[in-house]
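Here is how the chains run, residue by residue.
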Amino acid sequence: MEFDPRNLFSGLDITLITFRNLCTRAGKLLMKINVRAFAQKVLPSRFYLFARKVWFQLRILGMRLLGLRSLSPISEDFGEDRGLPIDRYYIEKFLGIHSTDITGRVLEIGEDLYTKRFGTCEVTKSDVFHVHANNPMATIVGDLADAPHVPSNSFDAIICTQTLHLIYDFQAAVDTLHRLLKPGGVLLCTMPGLTMVHGGEWGSTWYWSFTDLSAKKLFGDCFGEENVKVDVGGNVFVATEFLYGRVTKEMRKSELDTVDRRYPVILAIRARKAALK
């Protein structure tokens, strides 16, 4: 009887499949008995935190060895419980590159976190636009898709991160952002591409994801193509890891900085309102 090397690989495949099934069954069992809650009760806090970190790393290693054959992510909160989410790496890198645009009177949507972090010493006034009046940081309350009460030509710079996908009429929201800018003013905007749909506070209004082409068309129609630049962050590997809940510190910088526009994790748009002639 001749030795057929294919039989060796066939046996290896069966072994891997069996191992995967065992891991899946073990994971389901652990979920049923709620190991995290049990460990949190019986372990001292510092040992629990250490064990939690080890558990996450073991899950990551297991997913790598098994070719990411898992139906459950490492994190259902973009990995925020472990570090900086991958999409935020691209957002903050983009704002850092264009920090010199954040001057004069600045409007930020949602909060003033990035105005404070990336704004220059030339910021003269900071405003926060929010849809809910109960937000203590809000200086302007309204619907970005319909805000006639906010005067036109008011702001030198607007920061709008991860917001437009939550607005059903996003075209109207972009028109508002354009209207609020002073002539020559700059909008720095980011939008999600390949992403999990989060079920948290904004889950009920998470309507859209965008592409490189849709971002160029959306902002080009409003600001003029010559006044719009769209950057993309992501590639197939980073997008996959982001969906599973990996965080920035678990990735190599070279992996994060390699761009493949077919797999956009983040769309980052710099749009300038045309100056008066």
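Up top is the structure.
These notes cover the structure that comes with them.

Definitions and cut-offs
Residues numbered from 1 in each chain as written. Predicted model: local features only at pLDDT ≥ 70, side-chain atom pairs only at ≥ 80, totals over all residues. Heavy atoms only, no water. Pairing = 2+ DSSP bridges. Helix = DSSP H or I, 4+ residues; strand = E, 2+ residues; numbered from the N terminus. Contact = heavy atoms within 4.5 Å. Axes fitted to C-alpha atoms, helices over the stretch in contact; angles between N-to-C directions. Buried < 20%, exposed > 50% of the residue type's maximum accessible area, 1.4 Å probe, protein only. Phe/Tyr/Trp six-rings, centres within 6.5 Å; stacked < 30°, edge-to-face > 60°.

Across a sheet, strands are paired by hydrogen bonds formed along the backbone, either parallel or antiparallel in direction. The sheet built from seven strands is open, its strands ordered S3-S2-S1-S4-S5-S7-S6 with mixed pairing. Where the open sheet ends on each side, the last strands, each with one partner, are strand S3 (140–141) and strand S6 (228–233). In this structure, strand S5 (residues 181–192) lies alongside strand S7 (residues 266–272), joined through seven bridges in antiparallel fashion. When the sheet's bridge partners are listed, Cys189 is paired in S7 with Ile269. Set on the sheet, helix H6 (residues 170–180) makes contact with strand S1 (104–109), strand S4 (155–161) and S5; between it and S5 the angle comes to about 145°.

With that settled, consider the pairing of S4. With six of its seven residues buried, S4 lies for the most part within the structure. Here S1 runs beside S4; their pairing, made up of three bridges, is parallel. If you follow Glu108 over to S4, its bridge partner there is Ile159. As paired elements, S4 and S5 share six bridges and run parallel to each other. Each bridged residue has a counterpart across the sheet, and for Thr161 the counterpart in S5 is Thr190.

This next bit is on the packing of aromatic side chains. One pass over the full model with this rule turns up nine aromatic pairs. Where Tyr89 meets Tyr90, the ring centres are 5.4 Å apart and the plane angle is 75°; that geometry is what we call edge-to-face. Judged on exposure class, the residue Tyr89 and its partner Tyr90 are both buried. On the numbers, 5.8 Å between centres and 45° between planes, the contact of Tyr114 with Phe118 is tilted. One end of the pair is Tyr114 and the other is Phe118, both in helix H5 (residues 113–118) and four residues apart, which spans about a single turn. For Phe118, a relative accessible area of 13% corresponds to the buried category.

Looking at where Leu256 falls in the secondary structure, it is placed in helix H9 (residues 253–257). Sequence separation between Leu256 and Asp87 is 169 residues; the distance between their C-alpha atoms is 9.9 Å. The residues contacting Leu256, other than those within four sequence positions of it, are Ile86, Tyr89, Tyr90, Val238, Thr248 and Met251.

Honestly, that's just the spatial picture; any functional story needs more than this.
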